[in-house]
Amino acid sequence: MVSLKFPVNTPTEREKLFIHLYKKAFPATARYVSKKGGSFDEAKDIFQDALVIYYEKLTGSSFVLSVDESSYILGIAKHLWAKRFREDIRYTPLDPYNSEFIEYENKQPSTPMLLHYLETAGQKCMDILKAFYYDKLPVATIARLFGYSTVHSATVQKYKCLEKVRETVKEKSLAYEDFIE
Amino acid sequence: MRISLNKVEQIDDHIFSRGTTEDRLIFEAMLILDPALKSQVSWQKNALDFVQHYGRKKMKAEIESVHRRLFNEPVHRRFRNKILNLFK
């Protein structure tokens, strides 16, 4: 798989991967959307969502890419297009791109105000938790990136942050109706 | 680690189905006996959902910045024209 040549631990490293994927896979997606009568902005939105899904698959532990990465991304993009524009989804081949990204589309965004609060009041914790749970980086890499001298102290910090975010979510959700919406 | 942090870790192991079968069974039993623990599990899942949304939001911002580079920097002109031509 080509992308394994790209480490994806830091924003700078991910930028290289995304430039590579843009150049390799965006033309096919844009061509497809254009053929369907879509606009440049629609092609862009769909492609960017497909990249997020691809990234999440890539960081998942059991992901083995059985087709070329640009075909994979195009497959996701086609599916997203069909879903958004209510084409008959039965005629959009799904294999080998399975159900994970359907879940992506269906997942409701969590309360934006509380997310905003967490971003501003606890960004450092959100960043370290993101590294563990979203980017799924190895703990040794996280310790290095966040300046912890040992893997143990990075792990302790992870749980401290998780506890802090959990208690904040609980407290804010229960205390302010504003956050519930 | 503080006792409360050990609890956070145990809940984390439970959410991600880690640990030995024995540990998992003990935790399941604790869940039945302790309603407060059950509620903590649910808040912790909630917190992890926020982390997921945060990660996704950051990732979209990173991708958008790549998009801006490709569609503005002179060095990527050929690529840009190739794409824009499709929408003429």
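The structure we're discussing is the one just above.
None of these values were measured; they are calculated from a predicted model.

Caption draft 1: Summary view of the overall build of chain A. Within chain A one finds 9 helices and 0 strands. Listed N to C, the secondary structure of chain A is α-α-α-α-α-α-α-α-α in terms of helices and strands. About 9300 Å² of surface is accessible on chain A, with carbon and sulfur atoms providing 53% of the total.

Caption draft 2: Representation of the overall build of chain B. The helix and strand inventory of chain B stands at 4 helices and 0 strands. The order of α-helices and β-strands along chain B, N terminus first, is α-α-α-α. Looking at chain B as a whole, 34% of its 88 residues are labelled buried. Sequence separation of 24 or more characterises 35% of the internal contacts of chain B that already satisfy a separation of 6 or more. Carbon together with sulfur atoms contributes 54% to the accessible area of chain B, which is approximately 5400 Å² in total.

Caption draft 3: Here's a closer look at the packing of aromatic side chains. Per the stated rule, a full pass over the model turns up 11 aromatic pairs over all chains. Members of the aromatic cluster, connected to one another through ring pairs, are Tyr22, Phe26, Phe40 and Phe47 of chain A together with Phe71, Phe79 and Phe87 of chain B.

Caption draft 4: View of the environment of Tyr133 of chain A. Relative to the elements of secondary structure, Tyr133 of chain A occurs in helix H6 (residues 123–134). In sequence terms Tyr133 of chain A and Lys158 of chain A are 25 residues apart; their C-alpha atoms lie 9.9 Å from each other.

Caption draft 5: The pattern of salt bridges, seen in detail. Taken as a whole and judged by the stated rule, the model has 18 salt bridges over all chains. The closest approach of N and O atoms between Lys60 of chain B and Asp49 of chain A, which form a salt bridge, is 3.3 Å. Residue Lys60 of chain B is found in helix H3 (residues 35–70), and its partner Asp49 of chain A is found in helix H2 (residues 40–59); the two belong to separate chains. Its relative accessible area of 36% is what places Lys60 of chain B among the partly exposed residues. Residue Asp49 of chain A is classed as buried on the basis of its relative accessible area of 11%.

Caption draft 6: The interface of chain B and chain A, seen in detail. On the chain A side, the residues contacting the 44 residues of chain B number 53 residues. Surface buried jointly by chain B and chain A totals about 4700 Å² across both partners, of which 70% is contributed by carbon and sulfur atoms. Of all residues in chain B, Trp43, Phe50 and Tyr54 of chain B give up the largest surface area on contact with chain A, accounting jointly for 16% of the area buried on that side. On the surface where chain B and chain A come into contact, there are 8 salt bridges. Across the salt bridge formed by Lys57 of chain B and Glu119 of chain A, the nearest N and O atoms sit 2.8 Å from each other. Summed over the shared surface of chain B and chain A, the result is 15 residue pairs in polar contact (both at pLDDT 80 or more).

Caption draft 7: Looking closely at the state of the cysteines. Residue and element names in this part refer to chain A. The full count for this structure, using the stated rule, is 1 disulfide over all chains. There is a disulfide in this structure between Cys125 and Cys161, and the S-S distance comes to 2.1 Å. With the S-S bond torsion at -75°, the cross-link from Cys125 to Cys161 turns out left-handed. Taken together, the residues Cys125 in helix H6 and Cys161 in helix H8 (residues 151–175) connect sequence positions 36 residues apart. Cys125 sits in the buried class, given a relative accessible area of 9%. Residue classification places Cys161 among the buried residues on the basis of a relative accessible area of 1%.

Caption draft 8: Representation of unusual backbone geometry within the structure. Notably, Lys136 of chain A is not glycine yet its phi reads approximately 55°, a positive angle. Among the secondary structure elements, Lys136 of chain A is positioned in the loop between H6 and helix H7 (139–145). Phi at Ser17 of chain B takes a positive value of approximately 50°, unusual for a residue other than glycine. When its relative accessible area of 42% is taken as the criterion, Ser17 of chain B is described as partly exposed.

Calculation rules
All chains use their own residue numbering, which begins from 1 and follows the written sequence. Going through the entries in the order they are written, you letter the chains from A and number the ligands from 1. pLDDT decides what is reported in this predicted model: residues at 70 or higher carry local features, side-chain atom pairs at 80 or more are listed and counted, and totals for whole chains, interfaces and linings draw on all residues regardless. Note that the side-chain values use all heavy atoms of the structure and ignore hydrogens as well as water. In this text, helices come from DSSP runs of H or I with a minimum length of four residues, and strands from runs of E with a minimum of two, each type numbered from the N-terminal end. Areas reported as accessible are Shrake-Rupley estimates using a 1.4 Å probe. Residue values count occlusion only from the protein chains shown. Using a 1.4 Å probe on the protein chains alone, a residue whose accessible area is under 20% of its type maximum counts as buried, one over 50% counts as exposed, and one in between counts as partly exposed. We call two residues in contact when some of their heavy atoms are within 4.5 Å. Here the aromatic set is Phe, Tyr and Trp, taking the six-membered ring for Trp, and pairing holds for ring centres within 6.5 Å; pairs whose planes are under 30 degrees apart are stacked, those over 60 apart are edge-to-face, and all others are tilted. Whenever Lys or Arg places a side-chain nitrogen within 4 Å of a carboxyl oxygen from Asp or Glu, that contact is recorded as a salt bridge. A simple way to read buried area is as the amount of 1.4 Å-probe accessible surface that goes missing from two parts once joined, with both sides added. Pairs of N or O atoms are called polar contacts if they sit within 3.5 Å, as long as, within protein, a hydrogen donor faces a hydrogen acceptor (for residues adjacent in sequence, only side-chain-to-side-chain pairs). Pairs of cysteine sulfur atoms within 2.5 Å are what we label disulfides.

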